[in-house]
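Here is what each chain is made of, one letter per residue.
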Amino acid sequence: MRMIKRALLLACVLASGTAAAAAEEGAGAGADWLTWRAADDVTNTASVQRGARNFMSYCLGCHALKYERYSRLGTDLDLTPEELQKYLIAPGDKPGDYILTTMPASDAATWFGKTPPDLSLMARARGADYLYQFLKTFYVDSSKPTGANNLRLDATAMPAVLSELEGLKRAVFKEQQETGSDGKAMTVRVFDHFEQVAPGRLSAAQYDEFVHDTVNFLDYVSEPTQAARRALGIWVVLFLLVFTWLSWLLKQQYWKDVH
Ligand code: HEC
């Protein structure tokens, strides 16, 4: 029992540590962006619900979740059919429908040069931290067709669709001397920090929360049963412990007369 308590305590300390780190980064100039962590927690239903709304409002225009049905979302996120209809289901869609974008793939390819990928499994493919860093490192770049670029995915075809919320930021690069593989010195351009050039509707902390919820939702979608599976796992382990104890008692009974 002491061991379990200690393990739980350690888990809490670690979790609060990453959460605090995530909050701090919101205001940072971004030099440490590669160390940013999503601190995702799919058991936080309120956060996943907010993330679902964020997705429907800001991502569904281009991206689908083709393996997830609205009805499944309703059940997993503890929503009544009315709430589901009111807050999440896109106009014209029914609860049994898959969550599909209305943007035709051929148009998307013409407009962006690339079809926006389906995001159902993106959190599993790239990892939650990647998504978190991706959504927080868009910057103004007038040399790109979309007017934006991204630290995580250089020359990305995705426009900075959240700039209305986050505001606009410029990336400041510095030149650095490095020794190449051939042993010669060369100058490379490395990212130094971000500079806010226009404010958005949200503060840095609020935007951080927005991205955190959105990534949490995508993490849930990439494996909808994970929260239930973990909850069930605890009961399975408890059952095994009780069962072991009962078996041991039974063994004592059977063997008590054998010397
Ligand atoms: C205006 C259309 C549009 C909207 C809206 C949009 N995206 Fe994208 N997204 C794209 C395109 C185009 C790509 C392909 C980018 C590439 O491969 O360069 C993409 C790629 C991505 C990727 C994959 C990145 C990778 O590493 O391959 C992720 C993750 C993503 N989008 C998340 C989101 C999220 C989350 C939202 C909502 C907040 C969103 N997108 C809204 C167009 C959009």
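The structure displayed is predicted, hence computed values, not measured ones.

Draft legend 1. Highlighting the coordination of the iron atom of the ligand. Those donors, His63 (NE2) and Met158 (SD), are the protein atoms that reach the iron atom of the ligand, and they lie 2.0 to 2.1 Å from it. Of note is the iron atom of the ligand, whose six donor atoms meet at the metal with angles of 87 to 179° in an arrangement that counts as octahedral. Placement of the pair is histidine 63 in the loop between helix 2 (45-58) and strand 1 (65-69) and methionine 158 in the loop between strand 4 (148-150) and helix 8 (163-166), with a sequence separation of 95 residues. In this structure, histidine 63 and methionine 158 share a single accessibility class: buried.

Draft legend 2. Structural detail: the pairing of strand 6 (residues 185-199). In this structure, strand 5 (residues 167-179) lies alongside strand 6, joined through 13 bridges in antiparallel fashion. Its bridge partner lying in strand 6, alanine 171 is registered against phenylalanine 194. Joining the antiparallel neighbours strand 5 and strand 6 is a turn of five residues, in which glycine 183 adopts a positive phi near 85°.

Draft legend 3. Spatial organisation of a nonpolar patch on the surface. A grouping of Leu232, Ile234, Trp235, Val236, Val237, Leu238, Phe239, Leu240, Leu241 and Phe243 is seen on the molecular surface, where their side chains present a nonpolar patch of about 1100 Å² in accessible area. Tracing the sequence through the fold places valine 237 in helix 10 (residues 226-255).

Draft legend 4. Representation of the site of the ligand within the structure. As a matter of local geometry, the ligand sits amid 23 residues, with Cys59, Cys62, His63, Tyr130 and Met158 nearest to it. In this structure, a nitrogen atom belonging to the ligand sits 2.7 Å away from a side-chain N or O atom of histidine 63. Between an oxygen atom of the ligand and a side-chain N or O atom of lysine 114, the distance comes to 3.4 Å. At the level of elements, helix 6 (122-126) and helix 7 (128-136) are the ones that each hand at least two residues to the shell around the ligand. Broken down by element, the residue count for the shell around the ligand peaks at four residues, all from helix 7. Residues belonging to the shell around the ligand are distributed by class as follows: 19 nonpolar, two polar and two charged.

Draft legend 5. Examining the confidence of the model for the protein more closely. With 89% of its residues at a pLDDT of 70 or more, the protein has an overall mean of 90. Averaged pLDDT values over the elements of the protein bottom out at 51 in helix 1 (residues 2-25) and peak at 98 in helix 7. Here residues 17-28 scores under 50 on pLDDT; set against residues more than four positions off or in separate chains, the count is 16 contacts.

Draft legend 6. Representation of the packing of helix 7 against helix 9 (residues 204-222) within the structure. Put simply, helix 7 and helix 9 touch, their axes get as near as 10 Å, and they point 140° apart. As helix 7 packs across helix 9, the resulting crossing turns out to be right-handed. From helix 7, Ala128, Leu131, Tyr132, Leu135 and Lys136 reach across to helix 9, where they touch Tyr207, Asp208, Val211, His212, Val215 and Leu218.

Draft legend 7. Spotlight on the nonpolar core. Judged by nonpolar contacts, the single largest core of 46 residues is most densely connected at Phe55, Met56, Leu65, Leu73, Val215, Phe217 and Tyr220. Elements that contribute at least two residues to this core include exactly helix 2, helix 3 (70-76), helix 4 (81-88), helix 6, helix 7, strand 3 (138-140), strand 6 and helix 9. With eight residues, helix 9 is the largest single contributor of residues to this core. Setting aside chain neighbours within four positions, we find leucine 73 in contact with Met56, Glu68, Leu88, Ile99, Phe217 and Tyr220.

Draft legend 8. Quick look at helix 2. In a regular helix each residue adds 1.5 Å, so 14 residues correspond to 20 Å; helix 2 covers 20 Å between its end C-alpha atoms and thus fits that length. Those residues of helix 2 not exposed but buried are Ser47, Val48, Gly51, Ala52, Asn54, Phe55 and Met56. Those residues of helix 2 that are buried are in contact with strand 1, helix 3, helix 4, strand 2 (98-99) and helix 9.

Draft legend 9. Structural context of the packing of helix 2 against helix 9. At a closest axis distance of 7 Å, the pairing of helix 2 and helix 9 adopts a crossing angle of 95°. Relative to helix 9, the element helix 2 is oriented roughly perpendicular. Judged by residue contacts, Ser47, Val48, Arg50, Gly51, Ala52, Asn54, Phe55 and Tyr58 of helix 2 engage Glu209, Phe210, His212, Asp213, Thr214, Asn216, Phe217, Leu218 and Tyr220 from helix 9.

Draft legend 10. Structural detail: the packing of aromatic side chains. Here the structure, examined in full by the defined rule, presents 10 aromatic pairs. Seen from their ring centres, phenylalanine 217 and tyrosine 220 are 6.2 Å apart, and the 40° between their planes marks the pair as tilted. With phenylalanine 217 and tyrosine 220 both in helix 9 and three residues apart, the pair spans about one turn of that helix. No difference in accessibility class separates phenylalanine 217 from tyrosine 220, as the two residues are buried. An aromatic cluster of at least three residues, connected via ring pairs, comprises Tyr139, Phe173, Phe191 and Phe194.

The rules behind each value
- Residues numbered from 1 in each chain as written.
- Predicted model: local features only at pLDDT ≥ 70, side-chain atom pairs only at ≥ 80, totals over all residues.
- Heavy atoms only, no water.
- Donors = N, O, S within 2.8 Å, 3.2 Å for Na, K, Ca; no water.
- Tetrahedral: all angles 85-135°; square planar, octahedral: opposite > 155°, others 65-115°.
- Helix = DSSP H or I, 4+ residues; strand = E, 2+ residues; numbered from the N terminus.
- Buried < 20%, exposed > 50% of the residue type's maximum accessible area, 1.4 Å probe, protein only.
- Pairing = 2+ DSSP bridges.
- Patch = residues over 30% accessible without salt bridge, like charges linked within 9 Å, V, L, I, M, F, W, Y side chains within 5 Å.
- Areas by Shrake-Rupley, 256 points an atom, 1.4 Å probe, with all protein chains shown as cover.
- Salt bridge = Lys/Arg side-chain N within 4 Å of Asp/Glu carboxyl O.
- Near = heavy atom within 4 Å.
- Polar contact = N/O pair within 3.5 Å; in protein donor to acceptor, adjacent residues only side chain to side chain.
- Nonpolar A, V, L, I, M, F, W, Y, C, P; charged D, E, K, R; others polar.
- pLDDT = per-residue confidence, 0-100.
- Contact = heavy atoms within 4.5 Å.
- Axes fitted to C-alpha atoms, helices over the stretch in contact; angles between N-to-C directions.
- Left-handed = near helix turned anticlockwise from the far one by under 90°.
- Core = buried A, V, L, I, M, F, W, Y, C linked by side-chain atoms within 4.5 Å.
- Expected span 1.5 Å × (residues − 1).
- Parallel < 35°, antiparallel > 145°, perpendicular 65-115°, else oblique.
- Phe/Tyr/Trp six-rings, centres within 6.5 Å; stacked < 30°, edge-to-face > 60°.

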